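# Observations on chain architecture
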Amino acid sequence: MLKMSFLQKRGRYCDHRSRRDALQIGGLGALAGLTLPSLLYADDIKAVAPRAKSCIMLFLEGGPSTIDMWDMKPNAPENIRGPFRPISTNVAGTQICEHLPACAKVADKYTIVRSHSHGDNGHVTGYYYVMTGYKPRFRDGQNSRIPANVLYPSIGSRVARELGVQGSVPAYVNLPAPMDAGGPGFYGPEYAPFVIETDPVQADFNVRDLTLPQGTTSDRMSRRQQLLSGVERLRRRASGKAADMSAYYSKAYDLITSPEAQKAFDIHAEPQPLRERYGYSTIGQCALLSRRLVEAGCRFVGVDHAGWDTHYDCFPSLKEDLIPQADLAFSALVTDLEDRGLLDTTLVVMMGEMGRTPKVNGDAGRDHWSRVQSILLAGGGVRPGQVIGETDATASAPLKDPVSIADLQ
């Protein structure tokens, strides 16, 4: 199942939409009034305002199963509750899945939103909706007042634009692959993410764009930069691809010549016990690298973790791989940030584009279900130890405090 999910990640999803389709989506929809902040921060939101200066988003692509992780229903029929059992956390009255023991020990450091809900059951379209706050529409879609080729900026690009560069690292980073609908949209390339297309769990991990090409000396690189500076003088009059490439080259040169940036990306500098605490998995080591980037001044880190589209025989892969990896990564990240005094100013989010069906299907898996998913939030001034929202007896729909994408944005 994991292998199949990885192939889906690189090619097409189960709904036959390709990742390339994500670049062809426009959007509609107005953002509704916000109600979630008052639940997250304080009874009087004016008294305690959000303090986040950075955000780390662990995106469980494909759709994590709420009922098998954060909102278990042990009294539901067997074909709904599944084989997993709940365990108590260190917060009285809060229970989560038995395969999340590390998160159970630190439940007082995060908040669970159990009532996140929206109406898009597609992978690419749901991802777009979550990341931009706008309902998606493909270019060949319905008539609209908004041109179909309008691409809205992702939350990462908006954060980068609003908060600006801080330190020597890029303001917005994606790893270990580009996030679907994680681009700058009509903001332009200046607010595009720096994408690390290598996996930090690999022993030979390095960020290729931080080193000079083979055979290129520092003198030669300096001459190239002088030439680029000449091109920059034309940038104000340039448009389209010329201006885009100029922006990309400038960013790349700044990274290559910055010792601080290279240090921030050097995950091998971390002590072995800490790396083990995060777990030697893609999501674990990406979470650790995210902490290093935030420490160096990055504003938004988006970690895209594939494999959660569990239509077939889902419970072995959830039990043995997916849930334990997310358990270690999230619990270690929030604890590490707190130990370093960074949790109060770093908002950590773990979610997917949708949840999974309450009822187990005929292939021993769960299908798409956008009506309910649970989201984890930690840091950034969020009051920890809460459970926000409530679902019905089968985790099919919100009963209390429904949270929309607009609320979350």
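Residues numbered from 1 in each chain as written. Predicted model: local features only at pLDDT ≥ 70, side-chain atom pairs only at ≥ 80, totals over all residues. Heavy atoms only, no water.

## Some words on the overall build of the protein chain
What counts is decided by this rule: Only DSSP runs of H or I reaching four residues or more are called helices, and only runs of E reaching two or more are called strands; each is numbered from the N terminus. Partly exposed describes any residue whose relative accessible area lies between the buried limit of under 20% and the exposed limit of over 50%, with all areas from a 1.4 Å probe on protein chains only and scaled to the type maximum.
Each helix and strand in the protein chain was counted, giving 13 helices and 16 strands. Burial statistics for the protein chain: of 409 residues in total, 54% are counted as buried.

## Re the nonpolar core
Inclusion rule: Only buried residues count toward a nonpolar core, which is a set of Ala, Val, Leu, Ile, Met, Phe, Trp, Tyr and Cys residues joined through side-chain atoms within 4.5 Å. Residue contacts are defined here by distance: any two heavy atoms, one from each residue, within 4.5 Å place the two residues in contact.
Core analysis: the largest hydrophobic core is formed by 59 residues, its most contacted members being Trp70, Tyr110, Ile196, Leu293 and Phe330. Among the elements that make up this core, the one with the highest residue count is helix α12 (residues 314-339) (twelve residues). When near neighbours in sequence (up to four residues on either side) are disregarded, Phe330 contacts Leu58, Cys103, Tyr110, Val348, Met350, Leu376 and Ala378. Counting residues in hydrophobic clusters, the runner-up holds 31 residues, among them Val113, Ile155, Val159 and Ile405.

## As for the side chain of Arg356
Basically, it comes down to this: Polar contact is defined as a pair of N or O atoms within 3.5 Å, subject to the rule that within protein one atom must be able to donate a hydrogen and the other to accept it, and that residues adjacent in sequence are counted only when both atoms are side-chain atoms.
Structurally, Arg356 is set in strand β11 (residues 355-356). In terms of polar contacts, Arg356 uses its side chain to reach the backbone carbonyl oxygen of Gly62, at 2.7 Å. Engagement of the side chain of Arg356 in a polar contact is seen with the backbone oxygen of Arg366, the distance being 2.7 Å.

## Examining the packing of helix α11 (residues 282-295) against α12
What counts here: Helix axes are fitted only over the stretch in contact, all axes being lines through C-alpha atoms; the angle between N-to-C directions runs from 0 to 180 degrees. Here the word oblique covers every angle except those under 35 degrees (roughly parallel), over 145 (roughly antiparallel) and from 65 to 115 (roughly perpendicular). Here a crossing is taken to be left-handed if its near helix is turned anticlockwise relative to the far helix by less than a right angle, and right-handed if that turn runs clockwise. Asp, Glu, Lys and Arg are counted as charged, while Ala, Val, Leu, Ile, Met, Phe, Trp, Tyr, Cys and Pro are counted as nonpolar; the rest, among them Gly, fall into the polar class.
One can describe the packing of α11 onto α12 by two numbers: an axis separation of 8 Å at closest approach and a directional angle of 15°. On the basis of the axis angle, α11 is roughly parallel to α12. In this structure, the crossing between α11 and α12 has a hand that is right-handed. Counted together, Ile283, Gly284, Ala287, Leu288 and Arg291 of α11 and Gln325, Ala326, Ala329, Leu333, Asp336 and Leu337 of α12 form the full contact between these two elements. Residue composition of the contact of α11 with α12, grouped by class: seven nonpolar, two polar and two charged.

## Some remarks on the environment of Gln166
Among the structural elements, Gln166 can be located in the loop between α6 (155-163) and β7 (172-175). On the accessibility criterion, Gln166 (29% relative accessible area) is partly exposed. Once the C-alpha coordinates of Gln166 and Lys53 are considered, the two residues, 113 residues apart in sequence, prove to be 9.8 Å apart. Leave out the neighbours within four places in its chain, and Gln166 touches Ser54, Ala296, Gly297, Cys298 and Arg299.

## Focus on the sheet that holds strand β14 (residues 387-388)
Selection criterion: One bridge is not enough; two strands pair if DSSP finds at least two bridges between them.
Ordered in space as β8-β7-β9-β2-β10-β13-β5-β14, the eight strands form an open sheet in which the pairing is mixed. Each of the sheet's edge strands pairs with one partner strand only, and the pair in question is β8 (194-195) and β14. Examined bridge by bridge, strand β2 (residues 54-60) and strand β9 (residues 300-305) share six bridges and lie parallel to one another. Within the sheet, the bridge partner assigned to Leu58 lies in β9 and is Val303. Its contacts with the sheet put α11 on β2, β7, β9 and β10 (346-351), and the angle it makes with β9 is roughly 175°.

## Observations concerning the pairing of β9
A regular strand carries its side chains on alternate faces of the sheet. Burial analysis of β9 places six of its six residues in the buried class, which makes it a mostly covered element. The alternating pattern of β9 places Phe300, Gly302 and Asp304 and Val301, Val303 and His305 on opposite faces, both of which are buried. Here four bridges tie β7 to β9, and the two strands are oriented parallel to one another. Bridging across to β9, Asn174 finds its partner in Gly302.

## Focus on the packing of aromatic side chains
So the rule is basically this: A pair of aromatic rings is counted whenever rings of Phe, Tyr or Trp (Trp by its six-membered ring) have centres within 6.5 Å, and the orientation is called stacked for planes under 30 degrees apart, edge-to-face for over 60 and tilted otherwise.
Summed over all chains, the structure comprises ten aromatic pairs. Relative to Tyr127, the ring of Phe59 has its centre 4.1 Å away and its plane inclined at 10°; by these criteria the two rings are stacked. Here the residue Phe59 occupies a position in strand β2, and Tyr127 occupies one in helix α5 (residues 123-132), the gap between them amounting to 68 residues.

## So, α11
Formally: Here the expected span of a helix is defined as 1.5 Å times the quantity of residues minus one.
For α11, spanning 14 residues, the distance from its first C-alpha to its last is 20 Å, which sits close to the expected 20 Å at 1.5 Å a residue. Within α11, twelve of the 14 residues are buried, which leaves the element mostly enclosed by the surrounding structure. Looking one or two residues beyond α11, the residue adopting positive phi is Gly297, at roughly 115°.

## Focus: α12
How we decide: In this scheme, the bend at a residue equals the angle between the axes fitted to the seven residues that finish there and the seven that begin there.
Here α12 is 26 residues long and its end C-alpha atoms lie 35 Å apart, about the 38 Å a rise of 1.5 Å per residue gives. The largest bend along α12 measures about 35° and falls at Ile323, with the proline Pro324 one to four residues further on. Positive backbone phi, at 75°, marks Gly341, one or two positions downstream of α12.

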